[in-house]
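Each chain is listed here by its residues.
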Amino acid sequence: IPDFLTMGNLICGLLGIFAAIDGDPLRAADLIIFAMVLDSFDGKVAEWLNQKNAMGKELDSLADLVSFGVTPAVIFYLSEAMESGALKAGIAAFFVSCGMLRLARYNISEGKGFEGVPITVNGVLFPALVFLGASYPVIYTAWPSLMIAQGLLMVSSLKISRLF
């Protein structure tokens, strides 16, 4: 059951990419939020069912990379936040790479808290940006800076406690 929730997270991320490609960033943002809901339950369900294991942790990280790393990067790349080109692609690639590094570090850590901002924060941050941008397009001008800042925060040594 927990792995099915994780697969749901992954599928939401993939469908979010497809929605972005189809020109529907609002639907893509909705799918990221739904992925976040599924992600918040997979670990808890695994714990309740006494099914926590290394495989589940790895699957969760792979799904998170797609839903909270690749999907926001694709939405950004396809947005009008800045002119398309090498710089825009580079920012998107930097962001996804930082997310991957963050998840790899998490998977080998043994502590209770987090080092660096969790990639799942992107499940709130970037949908909020999309929703605000729909009404206030000027907000998209902040998107490149937010991608870089969030990338740096994910790989930072900042110590963050678990909220739930």
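Conventions adopted
Residues numbered from 1 in each chain as written. Predicted model: local features only at pLDDT ≥ 70, side-chain atom pairs only at ≥ 80, totals over all residues. Heavy atoms only, no water. Helix = DSSP H or I, 4+ residues; strand = E, 2+ residues; numbered from the N terminus. Rg over C-alpha atoms; globule rule 2.2 N^0.38 Å. Expected span 1.5 Å × (residues − 1). Buried < 20%, exposed > 50% of the residue type's maximum accessible area, 1.4 Å probe, protein only. Contact = heavy atoms within 4.5 Å. 1 Å grid on protein atoms, 1.4 Å probe; cavity = no way out; pocket = protein on both sides within 12 Å on 5 of 7 lines; lining within 4 Å. Points joined across faces, edges and corners; volume = space filled by probe spheres on them. Nonpolar A, V, L, I, M, F, W, Y, C, P; charged D, E, K, R; others polar. Core = buried A, V, L, I, M, F, W, Y, C linked by side-chain atoms within 4.5 Å. Axes fitted to C-alpha atoms, helices over the stretch in contact; angles between N-to-C directions. Parallel < 35°, antiparallel > 145°, perpendicular 65-115°, else oblique. Left-handed = near helix turned anticlockwise from the far one by under 90°. Lys, Arg positive; Asp, Glu negative; His and termini not counted. Salt bridge = Lys/Arg side-chain N within 4 Å of Asp/Glu carboxyl O. Phe/Tyr/Trp six-rings, centres within 6.5 Å; stacked < 30°, edge-to-face > 60°. Lys NZ or Arg CZ within 6 Å of the ring centre and 35° of its normal.

(A) Here's a closer look at the overall build of the protein chain. A tally of regular secondary structure across the protein chain gives six helices and two strands. Start at the N end of the protein chain and walk to the C end: the helices and strands fall as α-α-α-α-β-α-α-β. Relative to the 2.2 N^0.38 estimate, which gives 15 Å for 164 residues, the radius of gyration of the protein chain is 15 Å and therefore close to what a compact globule would have. Along the first, second and third principal axes, the C-alpha set of the protein chain runs to 50 × 30 × 25 Å.

(B) Structural detail: helix 2 (residues 25-48). Look at helix 2: 35 Å from first C-alpha to last across 24 residues, which is about the 34 Å you get at 1.5 Å a residue. Every buried residue of helix 2 is accounted for by Ala28, Ala29, Leu31, Ile32, Ala35, Leu38, Asp39, Asp42, Val45 and Ala46. Elements that come into contact with the buried residues of helix 2 comprise helix 1 (2-21), helix 3 (54-78) and helix 5 (122-135). Positive backbone phi, approximately 55°, marks Asn50, located one or two places after helix 2.

(C) Broad picture of the layout of surface pockets. If you add up the space inside the second largest pocket, you get close to 170 Å³. Among the residues making up the lining of the second largest pocket, the classes are represented as six nonpolar, two polar and one charged.

(D) Geometry of the nonpolar core. Ranked by internal contacts, the top residues of the largest apolar core, which has 31 residues, are Ile75, Phe76, Trp143 and Met147. For this core, the secondary structure elements donating two or more residues are helix 1, helix 2, helix 3, helix 4 (86-108), helix 5 and helix 6 (143-155). Ranked by the residues each element gives to this core, the list is headed by helix 3, at seven residues.

(E) Expanded view of the packing of helix 2 against helix 3. Where helix 2 meets helix 3, the closest approach of the two axes is 11 Å, and the angle between their N-to-C directions is 160°. Taken together, the axis directions place helix 2 and helix 3 in an arrangement best described as roughly antiparallel. Where helix 2 crosses over helix 3, the two elements pack in a sense that is left-handed. Residue-level contacts link Pro25, Ala28, Ala29, Ile32, Ala35, Met36, Asp39 and Asp42 of helix 2 to Asp60, Asp64, Ser67, Phe68, Thr71, Pro72 and Ile75 of helix 3. Here the contact of helix 2 with helix 3 is built from residues that sort into nine nonpolar, two polar and four charged.

(F) Here's a closer look at the side chain of Asp64. Along the polypeptide, Asp64 turns up in helix 3. Arg102 provides the closest opposite charge to the buried, salt-bridge-free Asp64, at an N-O distance of 8.8 Å.

(G) Layout of the environment of Ile32. With respect to the secondary-structure elements, Ile32 resides in helix 2. Judged by its relative accessible area of 1%, Ile32 falls in the buried class. Between the C-alpha atoms of Ile32 and Leu49, which are 17 residues apart in sequence, the distance is 26 Å.

(H) Geometry of the packing of helix 1 against helix 2. Following both chains from N to C, one finds helix 1 and helix 2 inclined at 170°, their axes separated by 8 Å at the closest point. The angle between helix 1 and helix 2 falls in the class roughly antiparallel. Contacts between helix 1 and helix 2 involve Pro2, Leu5, Thr6, Gly8, Asn9, Cys12, Leu15, Gly16, Ala19 and Ala20 from the former and Arg27, Ala28, Leu31, Phe34, Ala35, Leu38, Asp39, Phe41, Asp42, Val45 and Ala46 from the latter. Split by residue class, the contact of helix 1 with helix 2 holds 14 nonpolar, four polar and three charged.

(I) Spatial organisation of the packing of aromatic side chains. Enumeration according to the criterion identifies four aromatic pairs in this entry. On the numbers, 5.8 Å between centres and 45° between planes, the contact of Phe76 with Trp143 is tilted. With a gap of 67 residues between them, Phe76 in helix 3 and Trp143 in helix 6 connect regions that are remote in the sequence. With a centroid separation of 6.0 Å and 25° between ring planes, the pair formed by Phe126 and Trp143 is classed as stacked. Here the residue Phe126 occupies a position in helix 5, and Trp143 occupies one in helix 6, the gap between them amounting to 17 residues. No difference in accessibility class separates Phe126 from Trp143, as the two residues are buried. Aromatic ring contacts, followed pair by pair, group Phe76, Phe95, Phe126, Tyr140 and Trp143 into a single cluster. Over the face of the ring belonging to Tyr106 we find Lys57, whose NZ or CZ atom lies 4.9 Å from the ring centre. Here Lys88 stacks its cationic end above the ring of Tyr77, 5.8 Å away from the centre of that ring.

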